[in-house]
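Residues per chain are reported as follows:
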Amino acid sequence: MSNPLAALPPGPVQLVVFDTDGVPRGKWVPRDKAMGGAEAGLGFCNVVFGWDMADVPYDNTELVGWHTGYPDARAQVYPNTLRRVPWQQDLPLVIADFRGGALDGVCPRALLQRVLAKAADMDLEVMAGVEYEWFNFRETPDSLAAKRGAPPQPITPGMHGYSLLRPAAEHAYFRAIWEGMEAFGVPLEGMHTETGPGVYEAAPIYTSALEAADRAALFKLGTKQIALRHGFIASFMAKWRADLPGCGGHVHQSLRRLGDGAPVGFDASRPHRMSQTFEHYLAGQLHALPTLLPLFAPTVNSYKRLVPGSWASTSVSWGIDNRTAALRLVGDTPDSFRLEHRVPGADANPYLALAAMVAAGLYGIEHELTLDTPAVTGNAYGVATLPPLARTLQEATAEMRKGAAFAKTLFGDAFVEHFIATREWECRQLESGDRMAVSDGERDRYLELV
């Protein structure tokens, strides 16, 4: 197969990798070096997995840290991810990751590829789509920094879900997102206002799982870049103000048979029209949810969103087209039948969120897990018998460490130890006694970066 990088004229190519927090890290390299990186890899400092989103080195990780001297690690370039960035004069961009090298065990994109390879071994293809909610602020990086975490100014006031008024106020900006994403290879199936000042929702079109994760990560990067060009800040922080709704990063999933692409989830003869295989898949995700919660809610701020009445789930629960449950079964035809995971916030790393869902689902299929509890009906927030999710990152990380042996069967020792250490570090940076309040420190740390 020909390398599409070879068709580029001489000039820079932007490489992007995504770290543990999902923060894009990258650099420009000459086209020929990018082509070489597709064949033999290229050097990339391993510090991208040795520091947090604020570039502060971890002091509690083993694979990466000062004790290693921060050498270069081998990054693999993927020419099939080539895109042009229309708002940067069609600058070529390609995704790289650390699959097959020294950082393979901790690289989120490499982890997702391993999980999807296991699905393929089980004759399954995973399809997915991530829908994001995000707030837009009339701020610049300089004005935001000057506020030191104090509340920013939304681009429009008031609660205007599905509004046709508010989009007209900044038409050029939102048109630039829609058209820019189409040209960027991240086509959208919809975009609209959500309820809250300056908040929107958009969903890149449903596709194969790895491509879905790539599109999700690039959507966040591209939206932030377009916002900057319009004098705004786009924020995917889970909860920037306690009295406003949070930002979800819901993930839709379905299964197909690998050989012929036939849908696997739908069976009109069974309860809820759910096939036996898909019931196992759903049961596996419910079984693993308490242990894997930090992969869906990775920051101190994430847990400010997971509260009753917030459009975010607070329990280990499932339901039929029920938006108060953690897992929502949707669709009434073979092609539309799917599972929506409503726990992740917009701050979750899409590679890790998808890897966690699929790995847990495959575990359920392998072990033929069945649903212990019926579908929740009505308001799940009011059902006291549902197992609650952890209320803080500290609690959730402790639960993951308690269940580390199980997590390692899904992801391997290296990833689990590294990821737990990074979440324990994150707790030390901001964990406070007030569970509901959103601090200036949280806004200062998360508002622009996650």
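Look above for the structure.
Residues numbered from 1 in each chain as written. Predicted model: local features only at pLDDT ≥ 70, side-chain atom pairs only at ≥ 80, totals over all residues. Heavy atoms only, no water.

Asks: Looking at this model, I keep getting lost on the overall build of the protein. Mind explaining?
Replies: The number of helices and strands found in the protein is 13 helices and 14 strands. C-alpha extents for the protein along the principal axes are approximately 60 × 50 × 45 Å. Looking at the protein residue by residue over its 450 residues, the buried ones come to 59%. Taking all contacts inside the protein whose residues are at least 6 apart in sequence as the whole, residues at least 24 apart take part in 72%. Here the protein displays about 17500 Å² of accessible surface, and carbon together with sulfur accounts for 53% of that area. Charged side chains in the protein number 41 positive and 51 negative. The centres of these two groups are separated by 3 Å. (Helix = DSSP H or I, 4+ residues; strand = E, 2+ residues; numbered from the N terminus. Buried < 20%, exposed > 50% of the residue type's maximum accessible area, 1.4 Å probe, protein only. Contact = heavy atoms within 4.5 Å. Areas by Shrake-Rupley, 256 points an atom, 1.4 Å probe, with all protein chains shown as cover. Lys, Arg positive; Asp, Glu negative; His and termini not counted. Charge placed at Lys NZ, Arg CZ, Asp CG, Glu CD.)

Asks: How do you make sense of the nonpolar core when you look at a structure like this?
Replies: Generally speaking, a soluble globular protein has its nonpolar side chains buried in company with each other. One finds F219, L292 and F411 to be the most contacted residues of the largest nonpolar core, which totals 116 residues. Ranked by the residues each element gives to this core, the list is headed by helix α9 (residues 350–366), at 13 residues. Residues in contact with F411, not counting those within four places in the same chain, are L111, R114, L292, L295, A355, A356, A359 and V416. Counting 26 residues, the second-largest nonpolar core is a separate cluster that includes L8, A38, V47 and V77. (Core = buried A, V, L, I, M, F, W, Y, C linked by side-chain atoms within 4.5 Å.)

Asks: Help me understand the layout of surface pockets in this model?
Replies: Here the idea is plain: a probe the size of a water molecule rolls over the atoms and shows the empty space left. Estimates place the volume of the largest pocket at around 790 Å³. Together, 42 residues line the largest pocket, and E131, H252, R323, R328 and E340 are the ones closest to its centre. Elements represented by at least two residues in the lining of the largest pocket include exactly β6 (124–137), β7 (188–193), β8 (199–204), β11 (249–257) and β14 (338–341). For the lining of the largest pocket, the class distribution of residues is 17 nonpolar, twelve polar and 13 charged. Size it by volume and the second largest pocket reaches roughly 300 Å³. Residue lining of the second largest pocket: 18 residues in total, with L116, S208, A209, L210 and E211 positioned closest to the centre. Where the lining of the second largest pocket is concerned, the elements lending two or more residues are β4 (72–85), α2 (108–121), β6 and α6 (209–229). Here the lining of the second largest pocket takes six residues from α2, the largest share from any one element. A breakdown of the residues in the lining of the second largest pocket according to their chemical character gives nine nonpolar, four polar and five charged. (1 Å grid on protein atoms, 1.4 Å probe; cavity = no way out; pocket = protein on both sides within 12 Å on 5 of 7 lines; lining within 4 Å. Points joined across faces, edges and corners; volume = space filled by probe spheres on them. Nonpolar A, V, L, I, M, F, W, Y, C, P; charged D, E, K, R; others polar.)

Asks: Could you clarify how one ought to interpret helix α1 (residues 31–39) in this entry?
Replies: Because each turn of an α-helix spans 3.6 residues, side chains separated by three or four positions in sequence point in the same direction. When α1 is considered as a whole, its buried residues turn out to be R31, A34, M35, G37 and A38. Taken down its axis, α1 places every buried residue within 155° of arc, on the same side. For α1, the exposed residues lying more than 90 degrees away from the buried face are D32 and E39. In this fold, the buried residues of α1 make contact with β1 (12–18), β2 (24–30), β3 (42–45) and β4. Of the residues trailing α1, G41 is marked for its positive phi of about 80°. (Arc of directions from axis to C-beta.)

Asks: Would you mind showing me how to read the packing of aromatic side chains here?
Replies: Aromatic ring pairs: the centre-centre distance and the angle between the two ring planes describe each pair. Per the stated rule, a full pass over the model turns up 24 aromatic pairs. An angle of 70° between the planes, with centres 5.8 Å apart, marks the rings of F135 and W240 as edge-to-face. In this pair, F135 is assigned in strand β6 and W240 in the loop between β10 (233–235) and β11, connecting sequence segments 105 residues apart. Per residue, the accessibility class of F135 equals that of W240, and both read buried. With a centroid separation of 3.7 Å and an interplanar angle of 20°, the aromatic rings of F174 and Y200 are classed as stacked. Of the two residues, F174 is situated in helix α5 (residues 171–183) and Y200 in strand β8; the sequence distance between them amounts to 26 residues. Across this residue pair, the class does not change: F174 and Y200 are buried. Here a set of aromatic residues connected by ring pairs shows up, and it is made of Y132, W134, Y173, F174, Y200, F219, F232 and F236. The ring of F44 carries K27 above its face, with NZ or CZ at 4.7 Å from the centroid. Above the plane of the ring of Y78 lies R109, whose end atom (NZ or CZ) is 4.7 Å from the centre. (Phe/Tyr/Trp six-rings, centres within 6.5 Å; stacked < 30°, edge-to-face > 60°. Lys NZ or Arg CZ within 6 Å of the ring centre and 35° of its normal.)

Asks: Before we go on, may I ask you to explain the sheet that holds β1 in this structure?
Replies: Strand order in the open sheet formed by five strands is β2-β1-β5-β4-β3, with mixed pairing between adjacent strands. Two strands in the sheet have a free side with no partner beyond their single neighbour: β2 and β3. Within this sheet the neighbouring strands show an average axis-to-axis angle of 45°, counted without direction. In this structure, β3 lies alongside β4, joined through four bridges in antiparallel fashion. Considered in β4, the bridge of C45 is made with D72. (Pairing = 2+ DSSP bridges. Axes fitted to C-alpha atoms, helices over the stretch in contact; angles between N-to-C directions.)

Asks: Teacher, can you tell me more about α5 here?
Replies: Taking 1.5 Å as the rise per residue, α5 with 13 residues should run 18 Å; its terminal C-alpha atoms sit 18 Å apart, in good agreement. Along α5, the residues classified as buried are Y173, F174, I177, G180 and M181. Seen along its axis, α5 keeps its buried residues to an arc of 130°; they face one direction. If you follow the buried residues of α5, they end up packed against β6, α4 (166–169), β7, β8, α6 and β10. G185 lies just past α5 and shows a positive phi near 80°. (Expected span 1.5 Å × (residues − 1).)

Purely geometric numbers; function is a separate question.
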